[in-house]
Amino acid sequence: KSIANYGASLIFFFYGLKLNREKLKSGLSNWRLHLMVHLSTYLIFPIVVFTAYKLFGNENAHWLWVGVLFLSAIPSTVSSSVVMVSIGGGNIPAAIFNASISSLIGVFLTPFWMEVFFSSGSGTFDVDDVVLKLVFQVLVPVILGLLLNPKFGTFAEKYKTKLKYFDQTVILMIVYTSFCESYADHVFDGYSIMELLTLGALMVVLFFVVYYIISFCTYLLKFKHEDRVTAVFCGSKKSLVHGTVMSKIIFTNNPSLGIILLPLMMYHALQLVICSFIAQKMAKKSKELTIANG
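So, here is what we can say about the structure in this document.

Here is what the cut-offs are and how they apply
Residues numbered from 1 in each chain as written. Predicted model: local features only at pLDDT ≥ 70, side-chain atom pairs only at ≥ 80, totals over all residues. Heavy atoms only, no water. Helix = DSSP H or I, 4+ residues; strand = E, 2+ residues; numbered from the N terminus. Rg over C-alpha atoms; globule rule 2.2 N^0.38 Å. Buried < 20%, exposed > 50% of the residue type's maximum accessible area, 1.4 Å probe, protein only. Contact = heavy atoms within 4.5 Å. Areas by Shrake-Rupley, 256 points an atom, 1.4 Å probe, with all protein chains shown as cover. Lys, Arg positive; Asp, Glu negative; His and termini not counted. Charge placed at Lys NZ, Arg CZ, Asp CG, Glu CD. Axes fitted to C-alpha atoms, helices over the stretch in contact; angles between N-to-C directions. Parallel < 35°, antiparallel > 145°, perpendicular 65-115°, else oblique. Left-handed = near helix turned anticlockwise from the far one by under 90°. Nonpolar A, V, L, I, M, F, W, Y, C, P; charged D, E, K, R; others polar. Disulfide = S-S within 2.5 Å.

### Quick notes on the overall build of the protein
Here is step 1: For the protein, the count of helices and strands is twelve helices and zero strands.
Here is step 2: Going from the N terminus to the C terminus, the protein shows its helices and strands as α-α-α-α-α-α-α-α-α-α-α-α.
Here is step 3: By the compact-globule yardstick of 19 Å for 294 residues, the protein fits well, its C-alpha radius of gyration being 19 Å.
Here is step 4: Oriented by its inertia axes, the alpha-carbon framework of the protein measures out at about 60 × 45 × 30 Å.
Here is step 5: A burial count over the protein gives 52% of its 294 residues as buried.
Here is step 6: Considering only contacts within the protein whose residues lie at least 6 apart along the sequence, 85% involve residues at least 24 apart.
Here is step 7: In the structure as shown, the protein presents an accessible area of about 14,400 Å², 68% of it carried by carbon and sulfur atoms.
Here is step 8: Distance from the positive charge centre (23 side chains) to the negative charge centre (15 side chains) of the protein: 14 Å.

### What to know about the packing of helix 9 (residues 193–220) against helix 10 (residues 225–236)
Here is step 1: Look at helix 9 against helix 10: their axes get within 9 Å of each other, and the N-to-C directions meet at 150°. Considering their axes alone, helix 9 and helix 10 lie roughly antiparallel with respect to each other. When you trace helix 9 past helix 10, the crossing you get is right-handed. Residues Phe-207, Val-210, Tyr-211, Ile-214, Ser-215, Thr-218 and Tyr-219 of helix 9 touch helix 10, and the partners they reach there are Arg-228, Ala-231, Val-232, Gly-235 and Ser-236.
Here is step 2: When its residues are assigned to classes, the contact of helix 9 with helix 10 shows seven nonpolar, four polar and one charged.

### Section: the environment of Phe-233
Here is step 1: Residue position: Phe-233 is located in helix 10.
Here is step 2: Taking C-alpha positions, Phe-233 is 9.3 Å from Gly-88, a pair spaced 145 residues apart along the chain.
Here is step 3: Ignoring any residue separated from it by four or fewer positions in sequence, one finds Phe-233 in contact with Ser-81, Met-84, Val-85, Cys-275, Ile-278, Ala-279 and Met-282.

### So, the packing of helix 4 (residues 62–73) against helix 9
Here is step 1: Close contact between helix 4 and helix 9 brings their axes to 13 Å; oriented N to C, the two are set at 25°. As judged from the angle between their axes, helix 4 and helix 9 are roughly parallel. Along this stretch, helix 4 crosses helix 9, giving a crossing that reads as right-handed. Residues Leu-64, Val-68 and Leu-71 of helix 4 touch helix 9, and the partners they reach there are Leu-199, Met-203 and Leu-206.
Here is step 2: Considering only residue class, the contact of helix 4 with helix 9 consists of six nonpolar, no polar and no charged.

### Here we look at unusual backbone geometry
Here is step 1: Positioned with a positive phi, Lys-222 is a non-glycine residue whose angle comes to about 55°.
Here is step 2: Of note, Lys-222 is situated in the loop between helix 9 and helix 10.

### Considerations on the state of the cysteines
Among covalent bonds in proteins, the disulfide is the one between the sulfur atoms of two cysteines.
Here is step 1: In the structure shown here, the tally under the stated rule is zero disulfides.
Here is step 2: The closest cysteine sulfur to the non-disulfide-bonded Cys-234 is located on Cys-275, 10 Å from its own sulfur.
Here is step 3: With a relative accessible area of 0%, Cys-234 lands in the buried category.

What follows is the structure, given as structure tokens:
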């Protein structure tokens, strides 16, 4: 467990080390787009899920609902968001800025939403303790890495593939131990295959509900095509890396962690498949707009 904790902090240190200050600065100016992305990640998502919980939640699936709300409150993913925005012809500097800042905002807003959920009658939650742990295990390593970027940024860029394998190994370790502990405590015994398939279908529904809300908002706000692409991809995606690491801090020693992570793992896999198709369609539209504008 301690290896996983140190590994998680190293993930965020290398994440900060890879952040290029100039690329972040170049994405600063478009405040309407930034606001749309972060409102999608930290307001639209939690409200949609929390409303669904109030309408359809039941105690038999309590920890699955905890997992779905946790999914709704975590930061946006970085690398795949930027890749999808790039394919779809979106605003890449803004995507880098928003996806990067999202993880820092999550240090404070993810615990806030979990406190809202638990205070609604689902238990107790020490938000101050969680925020403090997230600051030391997530925020401090990121800031340290960012400060060292001018000196060691080229090193991080040179070995980014190996660092990606390191990230994946640590995440796999956390997920594996969580699922092993949940199986050992017979946490999965109360769930059928049909319930898990239903969960997968609901994750698809959740994605499209949020996706279309964001799309509608960008049309109302008359966003340019490239900003619309950035808003829908950065605002509708969730990070497996951040979510897995945060879950170890928020749900420390919880035997149901395997169940709590299940919605996130399903959503993460499904969002990649769905977004890849949407990105291809947006790429065609970007080409058409480029030709039309001469």
